[in-house]
Amino acid sequence: CKTCNGTGYKGRKGVFEYLRISNPIRELINKKSPTLIIREKARELGIPVIHRAAALARTLSPYKLVAVVGTCGKSTVTAMLGHILAECGFDPLCVNGANVPGWTGAVRPGRGGYAVAEVDESDRSLVVFSPYAAIITNASDDHYSKAEMDEVFDTFSRKCSGPVIDGRSGRYAW
């Protein structure tokens, strides 16, 4: 469309704008090939394939991470918490799932020791994170059954070394 200039990304940059991509991979992307085909070609060419969650977890590992998870409300809570911490002088790095006014798209660069990130539960990849603290906004049968979502969030919350605010039941644990 005219808004995204054919990139599919309105208001934020696609990963392809930051990475050098070989011509065979670029051609597959331009043909809108399935992810599995692109991944296969990358491996064939010796290009490392890293899941988004693993790359984000690695990037955020030097920080005291506050992870925001849940089936609804993550982007709003992440933006609010990032703003509060910034106003309190913590200058956190923030990575959101949606663009935030005043940020660089969905990212707030920060130089403090904290990071706030919206962490995705849709493919259960949130379990690769080991955050300092977490906010679980809620759980519903969004991607899986409610029982399966609760199990994923319970597994995730046990990996937190600090406080967990659990909106599923109003529980707060440390």
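Up top you'll find the structure we're talking about.
Residues numbered from 1 in each chain as written. Predicted model: local features only at pLDDT ≥ 70, side-chain atom pairs only at ≥ 80, totals over all residues. Heavy atoms only, no water.

Trainee: Hey, could you run me through the overall build of the protein in this one?
Mentor: If you tally the helices and strands in the protein, you get 5 helices and 7 strands. Across the protein, helices and strands are ordered from the amino to the carboxyl terminus as α-α-α-β-α-β-β-β-β-α-β-β. Counting across all 174 residues of the protein, residues that qualify as buried make up 37%. Taking contacts inside the protein between residues at least 6 apart in sequence as the whole, the part at least 24 apart equals 54%. Counting only carbon and sulfur atoms, one obtains 54% of the accessible surface of the protein, whose full area is about 10,700 Å². (Helix = DSSP H or I, 4+ residues; strand = E, 2+ residues; numbered from the N terminus. Buried < 20%, exposed > 50% of the residue type's maximum accessible area, 1.4 Å probe, protein only. Contact = heavy atoms within 4.5 Å. Areas by Shrake-Rupley, 256 points an atom, 1.4 Å probe, with all protein chains shown as cover.)

Trainee: Honestly, the pattern of salt bridges in this entry has me stumped. Any pointers?
Mentor: Working definition: two side chains of opposite charge can pair if their charged atoms are close together. Tallied over the full model, the rule gives 8 salt bridges. Where E44 meets K41, a salt bridge forms, and the shortest distance between an N and an O atom there is 3.0 Å. Placement of both E44 and K41 in helix α2 (residues 35-44) is noted, with a separation of 3 residues, approximately one turn of the helix. Of the residues examined, E44 reaches a relative accessible area of 60% and is grouped as exposed. Owing to a relative accessible area of 24%, K41 belongs among the partly exposed residues under this scheme. Between R124 and E148 there is a salt bridge, and its shortest N-O distance comes to 3.4 Å. You can see R124 sitting in the loop between β4 (114-118) and β5 (133-136) and its partner E148 sitting in helix α5 (residues 146-158), a full 24 residues away along the chain. (Salt bridge = Lys/Arg side-chain N within 4 Å of Asp/Glu carboxyl O.)

Trainee: I would appreciate a short explanation of the side chain of T78 in the present structure.
Mentor: The topology assignment puts T78 in helix α4 (residues 74-87). Assessed through its relative accessible area of 0%, T78 is described here as buried. Residues contacting T78, with those up to four places away along its chain left out, are V68, V95, N96, W103, V116, A117 and E118.

Trainee: Please clarify how the packing of aromatic side chains should be interpreted in this entry.
Mentor: In this description, a pair of aromatic rings is defined by centroid distance and the angle of the planes. Considering all chains together, one arrives at 1 aromatic pair under this definition. Between the aromatic rings of F90 and Y114, the centroid separation amounts to 5.5 Å while the plane-to-plane angle is 85 degrees, which identifies the pairing as edge-to-face. Remark: Y114 occurs in strand β4 and F90 occurs in the loop between α4 and β2 (93-95); sequence separation between them is 24 residues. Positioned over the ring face of Y132 is K64, at 4.3 Å from the centre of the ring. (Phe/Tyr/Trp six-rings, centres within 6.5 Å; stacked < 30°, edge-to-face > 60°. Lys NZ or Arg CZ within 6 Å of the ring centre and 35° of its normal.)

Trainee: Is there a simple way to explain the nonpolar core in this structure?
Mentor: Counting 23 residues, the largest nonpolar core has L60, F129 and F156 as its most contacted members. Those elements giving two or more residues to this core turn out to be α3 (52-60), β1 (64-69), β2, β4, β5 and α5. (Core = buried A, V, L, I, M, F, W, Y, C linked by side-chain atoms within 4.5 Å.)

Trainee: What is the right way to read the layout of surface pockets from this model?
Mentor: Empty space among the atoms can be located by rolling a probe the size of a water molecule over them. Size it by volume and the second largest pocket reaches roughly 210 Å³. What lines the second largest pocket is V66, L81, L85, F90, Y114, Y132, A133, A134, I135, P163 and I165. Elements supplying a minimum of two residues to the lining of the second largest pocket: α4 and β5. Per-element tally for the lining of the second largest pocket: the top contributor is β5, with 3 residues. Classifying every residue of the lining of the second largest pocket gives 11 nonpolar, no polar and no charged. (1 Å grid on protein atoms, 1.4 Å probe; cavity = no way out; pocket = protein on both sides within 12 Å on 5 of 7 lines; lining within 4 Å. Points joined across faces, edges and corners; volume = space filled by probe spheres on them. Nonpolar A, V, L, I, M, F, W, Y, C, P; charged D, E, K, R; others polar.)

Trainee: Explain the packing of helix α1 (residues 23-30) against α2 here, please?
Mentor: For any two helices packed against each other, one specifies the crossing angle of their axes together with the interaxial distance. Closest axis-to-axis distance for the α1/α2 pair is 10 Å, and the angle between their directions is 175 degrees. If you check the angle between α1 and α2, you find them roughly antiparallel. Residues P24, I25, L28 and I29 of α1 touch α2, and the partners they reach there are I37, I38, K41 and A42. (Axes fitted to C-alpha atoms, helices over the stretch in contact; angles between N-to-C directions. Parallel < 35°, antiparallel > 145°, perpendicular 65-115°, else oblique.)

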